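# Working through the structure, step by step
Read off the chains here:
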Amino acid sequence: MRIVSVYLKNIKSHRETELSFSPGINVLSGANGSGKSTIFQAIGYALFGVNAQDFTSRADRFLTIGTKRGEVGVVFEPAEGERYRVTRTVGPAGKWLLAKETGGAFEIEEHANSQETEQRIASLLGLAGGRPLADQFKLVIGPFQNDFLGPFVIRQPTKRQDAFDEILGIDAWRKTFDGTKLLASAIAARTDTLQAEVAGKQEQVAVLPAKELEYASLRENSSAKEAELKKRTGELAEVTAQLAALDARKKKIEAARNAVQGIEERISSGKDHVTNQQLLVEQSKEAAGVVAAASAGKQAYDAAEARLKELREQEKQKSLVEKKLAELDKEQSGIRATLAIEERELADLRSGMDAEAKKLSEEESSLAAQRAELATVQAQAAELLAAVNRAVATFRELPVHRIDSVLPYLFTGLDRMATIDGQSAEKGRLIAGSEALEAAAAELPHGQAELEKVQGKRAELSGRKLSLIEGCEKIGDGNCPFLQEPCKNVDAAGGLELMRVHIQELDAEIAGLDAQAEALTGQVASAQAAAHELAGVEHVRGELGKLATERDTLEQDFTRKLSEIAPAALLASVTGWLATNSPEPSPTFSLAKGEGQGGGALPDELKPLRVEIAGPPSARRAQLSIWSDQWHNVIASLERGLEDRLKEAEEPVRNCAIRAAGLDTGAKALEGKKRELAAAGEKVVLREKTIETQQKRLHAVVAGVGAEKQALSAYAGLEDAVRAAGEELERYQPERDRFIANETAAAELEKRTDTLTKYQKRLQELGAQLALTQQELQELLAGYQAERHENVRNQRELVMAAMATLKAEMAGIAEGMVRLEGEIAALTAVAQEIQRKLAAIDKLQEQGALVKFLRNQVFKNVSSQLSERFREEISTRADRIYRCISESDEELYWGENYQVVLKDMMDGQIRERTDDQLSGGQMMSAVVSLRLALLQTIGARIAFFDEPTSNLDAERRENLAKAFRAIDVGQEEVTEHWYDQLFLVSHDVSFTEITDQMIHLD
């Protein structure tokens, strides 16, 4: 796997930057502020999904100042022959897209959301999917420059262990052990709750048998009603069949009457049609006589019309000849006028070209003299601008520019400390007065025991009551249920009255027990609530301790970060720069004047910046804000002065450039004029050829005019012939109109005669059909009785009323059955719920035992065992790398709680030194070695190191470079080759000899 290239647009100092990387080691170098770390951050943002807020205090600060949207694109190869591009935008509605190269173009893959995109990229990079890509980058693959030592220098063993367990991915076991403590308590509490609920629901299902007996009785009654309804349904079917037969006969009678009436109406209409058709036949006969008389006039009209059409065509041909003759006359006049103009303009062009050639020669001599003068002035201006740029470059390297990068970390730490102080005070108030909760929770076991006793006694009394009720039912009629004879003991012992008295006494006792159980239930609920609240208080106490530990760590981090921008060091660097780079007197550079220039006392403008940061977090934050604002004002003032100097130095260079551009423009214009002059000569030749061509065309046009005039003489006398043909057409027009007006009616004579015959035949058929239909109507009326029809209808209505009554009764029975079904189902559900809860209680008890076993036997020990295995493997690899860097006999070992340990021989005894006893160079060498071994252990194929040579002397920096090269080629004395690409940010020249590619950023 390797990264091919990265593209940045509007990201911090990179307006638009594209870099390509080679396999192996790539080193980025450049001045401070040139954007070296930004390259790594951009790769982490686009390829690993790190949030922009992790690099800066706010997402908008990840953008170039003055822009609202940026973009980062990374092209990478997960395997040979495969290439992908991942792009991610910065700003509102940012997008994260992955595209695969196919056929020389990148095609975007469709993903449902950013989580799916992250999973896809993780699989391509070959990284574990159990942890977010962003965490893997921040913790191991590309730690930020300020966090390179990170957890290695945490002094609290517990916190250091937590950090490295998270890096190695084994913290889940310890978190699981802590989290399952509450789970065990929740299982026990849930078991107690279910047992109490089961005891209360068992009384509800006692009435289930009585409900089932009542349901069986209603079902028998419903069956009887259904049988009677079935009988009535049969009667209704017979009556309905009779009524249907009578209705059908009545419908036939009505249909026959309607048929007779319809035939009579059709006969009347047919007679009218016959009369009208006879009139049409007479009209056709008269039209046939008119057509025969006008036939000769029609033929003469058609002949005259054909002759006139032929003469009109000859007129069109004559018009075409006349039009062509006019066009040739017009073209002849135009050619003559054009030839006169062309000959006059050709003479003028020749005289103008001679004058222009002389003028261009003079301009060329003047331009050469001006170029020589400008070269001298341009060299002097460039030298002055280079001096100003050197002053600007040294100013950009001052450590005061690190304030903006370090200050957000300080503000974040102070805000977190202030938050912790507030939370600690609030949690202290929460745990105050917890003695009352402890006393209330202590009453829970006693209350639960008392409640169980009361519920057990009530269940016993309920059983006795049910036995008495059953006895009353069995001896209600005075007979012995066993001997089947009158019982002599009933009257002697008091009979049923005595049993009813016992039942009433039991009801009173049960009611008292119910009241007592209700009171105890309230007490148990209050005790349980107190126990839960007390558990929350204990949790708050634990959180309070963690907050105190975190507060101490934040205080140490704040001190360390503040040392990076110590006020005294910043003042020394600025005053030193002012002493060596003092500009010319200028109003914006008042800081550069006075005592500070000689290295003595501070200038008045810098004295307020000598401050000490102390006090509570809010006060320190205010002090830092005021101090940073003052520095911003100082830096702004210096930058304004530098900008003024730069503008003054750039002005002569710009003027020279403008003059040079003007001279270049003049030279180009001169060349253009020369080309124009040559083009004008070519145009003169072309115009001479054009004049010759036009003269040839003039001779051809004169010949064409004569030919067209001769062709026009063939059409003499055409107007008289057209006039005669028109007069003959008007003479035969009336006869032709009479012929056309009667032609259609005469042609339809035969058709109209046939239609008249058909109408007369159909009228006779309708008369015969009417006689048959009237006879059928009489036969139907003979067998129909209207009174019998009405009686059958009334009988059907009586049967339907009886059936409606039965259905209403059955509906009432069904409602009762539905009600009982609902009650029985509810009671059955309660019984089933009791069984489920009893089963749940058994399951919860099994789960509680399992959780206890897992916590004590598994979760408690796995984290430490995995930590030991990882540390042994990483220590072995890191030791070889460390020996190569330090060139000493010291042994590097990663000890308990991930403490960095160096072992060596001192006076014949093994000496161990821990991280707080090591020098800065030793600690940095050890951390670099451990990070390289850690990367190899987790299987990362790429890694990023931002300034890994900090605190290393020259010898160790050279050894570190050699170690990187040894890893790159896979020398056995260091380690095997495990990565595809390694990215370094360094100013050290030692890396120039071992790198595969050196990238310089300006």
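Residues numbered from 1 in each chain as written. Predicted model: local features only at pLDDT ≥ 70, side-chain atom pairs only at ≥ 80, totals over all residues. Heavy atoms only, no water.

### Structural notes on the overall build of the protein chain
Quick note on the threshold: A run of H or I in DSSP becomes a helix once it reaches four residues, and a run of E becomes a strand once it reaches two; helices and strands are each numbered from the N terminus. Buried means the residue's accessible area, taken with a 1.4 Å probe over protein chains only, is under 20% of the maximum for its type, while exposed means over 50%, and partly exposed covers the values in between. Should any heavy atoms of two residues lie within 4.5 Å, those residues are considered in contact. The method behind every accessible area is Shrake-Rupley, applied with a 1.4 Å probe, and residues are considered shielded solely by the protein chains displayed.
Along the backbone of the protein chain there are 20 helices and 13 strands. Taken over 1002 residues, the protein chain has a buried fraction of 35%. Put simply, of all contacts in the protein chain between residues at least 6 apart along the chain, 76% involve residues at least 24 apart. In the form shown here, the protein chain has an accessible surface area of approximately 57,500 Å², with 53% of it arising from carbon and sulfur atoms.

### Re the packing of aromatic side chains
Here is the rule: For this analysis, a ring pair means two rings from Phe, Tyr or Trp (six-membered ring only for Trp) whose centres lie within 6.5 Å, classed as stacked if their planes differ by under 30 degrees, edge-to-face if by over 60, and tilted for the remaining angles. Two thresholds decide whether a charge sits over a ring: the Lys NZ or Arg CZ must be within 6 Å of the ring centre and within 35 degrees of the ring normal.
Scanning the model with the defined rule gives 9 aromatic pairs in all. Aromatic side chains F76 and Y84 sit 5.9 Å apart centroid to centroid with 20 degrees between the ring planes, which places their arrangement in the stacked category. Judged on exposure class, the residue F76 and its partner Y84 are both buried. Here a set of aromatic residues connected by ring pairs shows up, and it is made of F21, F40, F48, F137, F944 and F983. A cation over an aromatic ring shows up here: R88 above the ring of Y45, its NZ or CZ 4.0 Å from the ring centre.

### Here we look at the sheet that holds strand β9 (residues 900-906)
The following threshold applies: One bridge is not enough; two strands pair if DSSP finds at least two bridges between them. Comment: axis = line fitted to C-alpha atoms, over the contacting stretch for helices; angle = value between 0 and 180 degrees taken between N-to-C directions.
Strand order in this open sheet of 3 strands is β8-β9-β10, and the pairing throughout is antiparallel. Looking at strand neighbours, the two that pair on one side only are β8 (891-894) and β10 (909-914), the edges of this open sheet. Neighbour to neighbour, the strand axes of the sheet diverge by 30 degrees on average, direction disregarded.

### Focus: the side chain of T191
Worth spelling out the cut-off: Definition of a polar contact: a pair of N or O atoms within 3.5 Å, with one able to donate and the other able to accept a hydrogen when the atoms are protein atoms, and with sequence-neighbouring residues admitted only if both atoms are side-chain atoms.
Following the sequence through the fold, T191 ends up in helix α5 (residues 171-201). The class for T191 is buried, based on a relative accessible area of 9%. Polar side-chain contacts of T191 include one of 2.8 Å to the backbone oxygen of I187. Those residues in contact with T191 that sit more than four places away from it in its chain are I841, L844 and Q845.

### A closer look at empty space enclosed by the protein
Selection criterion: The method works on a 1 Å grid over the protein atoms by themselves. A cavity is a set of points holding a 1.4 Å probe that cannot get out, a pocket is an open set with protein on both sides within 12 Å along at least five of seven lines, and residues with an atom within 4 Å of a point line them. Grid points are joined across faces, edges and corners, and a volume is the space filled by probe spheres set on the points. Lys, Arg, Asp and Glu make up the charged group, whereas Ala, Val, Leu, Ile, Met, Phe, Trp, Tyr, Cys and Pro make up the nonpolar group; the residues left over, Gly among them, are polar.
Taken as a whole and judged by the stated rule, the model has 1 cavity of 30 Å³ or more. Here the largest cavity defines a volume of roughly 60 Å³. As for the largest cavity, its lining consists of M1, F48, L125, L127, I141, G939, A940, R941 and I942. When its residues are assigned to classes, the lining of the largest cavity shows 7 nonpolar, 1 polar and 1 charged.

### Regarding the side chain of D879
Along the chain, the position of D879 falls in helix α18 (residues 786-886). Separated by 2.8 Å, the side chain of D879 and the backbone nitrogen of L892 make a polar contact. Apart from residues lying up to four places away in sequence, D879 is in contact with E890, E891 and L892.

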